[in-house]
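The residues making up each chain are set out below.
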Amino acid sequence: MTTYVALVRGINVGTSTLVPMPEFQSVLEQAGFTNVKTLLRSGNAVFDSATSLSAAGVVDLETRFAEATGVSARFVVLEGSEFVGVVRENPLVDVSDDPSRLMISFLPDAAPRESTLVFPDADGLLSEIIRLGSRAVYAWCPNGVSKSAIPPAFWKQFGPAATTRNANTANKLVSLVLPRLEG
């Protein structure tokens, strides 16, 4: 069995994208996954699979989700051990003092090379910091995400599937994954 973490982008942020977590859980179970656990209302799930989940499998999951819920959304799915690695790789943990303002933007694939990206001017970010990881973009937003100086154009470089969670949520998911990996 392989443990996976699924992160759904953009659900339950407005009235047109409301998806109850039991419905999300049901979609995963009907797709054949087991030991499904959802976390919070923002589209986070940990589940097990007897087979490897390919890119085509993720697309199938997005299709099943849209058919069952009426909400079209992109998924980032990582193997449990990779998810834990991405969270632990966060280079900004020692800089931040509030995990609710330390953001991890999970990418559907390996991060692009830094030289191919346009980063905002550091002076314009004030106290905010951005770092690129192997499969995520980390951002320290000490004034909160709603007051972030990071321009939307920066995030668009990572495509429509990239999805962000704060470190609190990511750590809660790690706590759901680790017992499965160790057991």
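One can find the structure itself at the top, above this paragraph.
A. Highlighting the sheet that holds strand S8 (residues 163-166). Pairing within the open sheet is antiparallel, and its four strands lie in the order S6-S7-S5-S8. The open sheet has two free edges, formed respectively by strand S6 (129-132) and S8, since each of these has just one partner strand. Averaged over all pairs of adjacent strands, the angle between strand axes in this sheet comes to 20°, irrespective of strand direction. As defined by bridge partners, strand S5 (residues 102-106) adjoins strand S7 (residues 136-140) across five bridges and the pair is classed as antiparallel. Across the sheet, the residue bridging to Met-103 is Ala-139, located in S7. The sheet contacts of helix H3 (residues 80-88) involve S5 and S7, and relative to S5 the element is tilted by about 140°.

B. Here's a closer look at the layout of surface pockets. By volume, the largest pocket is sized at about 690 Å³. Lining the largest pocket are 25 residues, and of these Met-103, Val-145, Thr-163, Thr-164 and Arg-165 lie nearest its centre. Mapped onto the lining of the largest pocket, the elements with two or more residues apiece are S5, helix H5 (152-156) and S8. The greatest single-element share of the lining of the largest pocket, amounting to four residues, is contributed by S8.

C. Fine view of helix H2 (residues 55-69). Its 15 residues give H2 an end-to-end C-alpha distance of 21 Å, which sits within 8% of 21 Å, the value for a rise of 1.5 Å per residue. Within the sequence span of H2, burial applies to Gly-57, Val-58, Leu-61, Glu-62, Phe-65 and Thr-69. Summarising the axial view, the buried residues of H2 lie within an arc of 145°, below the 170-degree limit, and thus occupy one face. Relative to its buried face, H2 has exposed residues pointing more than 90 degrees away, namely Ala-56 and Glu-67. Where H2 is buried, its residues meet strand S1 (2-8), helix H1 (21-30) and strand S4 (75-79). Gly-70 occupies a position one or two residues after H2 and carries a positive phi of about 80°.

D. Summary view of the sheet that holds S1. Strand order in this open sheet of four strands is S2-S3-S1-S4, and the pairing throughout is antiparallel. Two strands in the sheet have a free side with no partner beyond their single neighbour: strand S2 (34-39) and S4. In this sheet, adjacent strand axes meet at a mean angle of 20° when their direction is disregarded. Where S1 lies against S4, five bridges are found, and the strand directions are antiparallel. Paired with Ala-6 across the two strands is Val-77, which belongs to S4. Running at roughly 135° to S4, H2 makes contact with S1 and S4 of the sheet. Sheet strands in contact with helix H6 (residues 167-182) are S1, S2 and strand S3 (44-49), and its direction is about 15° off that of S3.

Here is what the cut-offs are and how they apply
- Residues numbered from 1 in each chain as written.
- Predicted model: local features only at pLDDT ≥ 70, side-chain atom pairs only at ≥ 80, totals over all residues.
- Heavy atoms only, no water.
- Pairing = 2+ DSSP bridges.
- Helix = DSSP H or I, 4+ residues; strand = E, 2+ residues; numbered from the N terminus.
- Axes fitted to C-alpha atoms, helices over the stretch in contact; angles between N-to-C directions.
- Contact = heavy atoms within 4.5 Å.
- 1 Å grid on protein atoms, 1.4 Å probe; cavity = no way out; pocket = protein on both sides within 12 Å on 5 of 7 lines; lining within 4 Å.
- Points joined across faces, edges and corners; volume = space filled by probe spheres on them.
- Expected span 1.5 Å × (residues − 1).
- Buried < 20%, exposed > 50% of the residue type's maximum accessible area, 1.4 Å probe, protein only.
- Arc of directions from axis to C-beta.

From the geometry alone we can't say anything about function, so treat these as descriptive.
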